[in-house]
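Coordinate analysis (summary)
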Amino acid sequence: MKALTGILSEAKAWPRAAVWPLALILCVPMAGAQTQSADLPSAPMPNVVKLPGGVVVEQGMPNAMPLSLDDAIARGEKHNLQMLLVIQNERIVRGQVLTAENSLLPSLTAKGAIEAQEVNLAAEGFKTSSLAEFGIAPGTFSEIVKVNTASAQLNLNQQLFNVPAYYLYRSAQQASKVANLTTLNELGGVTLAVGSQYLLALTDCERTGSRKGR
């Protein structure tokens, strides 16, 4: 009986003896890692994150931000994804209107040039000795003359009437009106949604406060 008790006591003591070295091995690197991380400064948490393509994402703030109804609606209109998409679509349609309108406008081109050249009067047959007949000394004029010339030209090209371009311009104008109305419709929807949520939040605060008062 004493021998069996000794065997059981040795069996119970063996796992503890085996676990202690393993615990020491695991604890030593962790302690070193904690000491190393404690020496390093904490990374800053920016409030604004910039993604590729110019997309800006604002991070949540740790504290509550006091917002009025107008401030909440303004932030909703600024950060709503569908609102940004319809505004971008309206800009694209405006560019298409300008492209269609450009085909109806006259084409005007301007061209200018400045040239400098030297003329050899002797090679052209002019003789300085002939100036003596007019009482002018032969050495008064040089046989090589520098001449500077400037020219400008304007060209105007206009089609009398382009039927396909005209109807394309009219359709682009209607598309611009549709894009503008879509933007106004989305703006009203965002304003209504944000305003409703703002009023619901105020109602919940009032109900919570009345329950606490009871």
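One can find the structure itself at the top, above this paragraph.
Described in the following lines is the structure provided in the data block. Note that this is a predicted model, so its numbers are computed, not measured. Residues take numbers from 1 onward in each chain, read along the sequence in its written order. Only residues with pLDDT of at least 70 get local features here, since the model is predicted, and only at 80 or more are side-chain atom pairs given and counted; chain-wide, interface and lining totals rely on the full set of residues. Calculation of side-chain values draws on the structure's entire complement of heavy atoms; hydrogens and water are dropped beforehand.

1. Considerations on the pattern of salt bridges
The condition that has to hold: Salt bridges are counted wherever a side-chain nitrogen of Lys or Arg sits within 4 Å of a carboxyl oxygen of Asp or Glu. Strands here mean DSSP runs of E at least two residues long; helices mean DSSP runs of H or I at least four residues long; both are numbered from the N terminus.
Applying the stated criterion across every chain yields a total of one salt bridge. Across the pair E90 and R94 runs a salt bridge whose closest N-O atoms are separated by 3.0 Å. Of the two residues, E90 and R94 both sit in helix α3 (residues 81-102), four residues apart, roughly one turn of that helix.

2. Some thoughts on the pairing of strand β4 (residues 144-157)
This is how the line gets drawn: Here the term buried applies to any residue with accessible area under 20% of the maximum for its type, exposed to any over 50%, and partly exposed to those in between, with areas from a 1.4 Å probe on protein chains only. We treat two strands as partners when DSSP finds at least two bridges between them.
Among the 14 residues in β4, zero count as buried, and that is only a small part of the element. As judged from the 14 bridges shared by strand β3 (residues 107-120) and β4, these two strands associate in the antiparallel manner. Considered in β4, the bridge of E118 is made with K146.

3. Details of the environment of L181
Tracing the chain through its elements places L181 in helix α4 (residues 163-213). A relative accessible area of 58% means that L181 is categorised as exposed. Along the backbone, L181 and V86 are 95 residues apart, and their C-alpha atoms lie at a distance of 10.0 Å.

4. Digging into the side chain of E90
Convention followed: Within 3.5 Å is the distance limit for a polar contact, defined as a pair of N or O atoms, with the added protein rule that one can donate a hydrogen and the other accept it, and that residues adjacent in sequence qualify only through two side-chain atoms. Contact definition: two residues touch when any of their heavy atoms are within 4.5 Å.
Given a relative accessible area of 9%, E90 falls into the buried group. For E90, the side chain forms a polar contact with the side chain of R94, separated by 3.0 Å. Among the polar contacts made by the side chain of E90, one reaches the side chain of T183 at a distance of 2.8 Å. Aside from chain neighbours lying at most four places away, what touches E90 is A179, N180 and T183.

5. Observations regarding α3
As a reminder of what qualifies: One less than the number of residues in a helix, times 1.5 Å, gives the span that helix is expected to have. Within this analysis, the arc is defined by the directions that extend from the helix axis to the C-beta atoms.
Between its first and last C-alpha atoms α3 spans 32 Å; for 22 residues at 1.5 Å apiece the expected length is 32 Å, and the two agree. When we look at burial in α3, the residues that qualify are M83, V86, E90, V93, V97 and A100. The buried side chains of α3 occupy one side of the element, clustering within an arc of 100° when seen end-on. Of the exposed residues in α3, the ones pointing more than 90 degrees away from its buried face are L81, R91, L98, T99 and N102.

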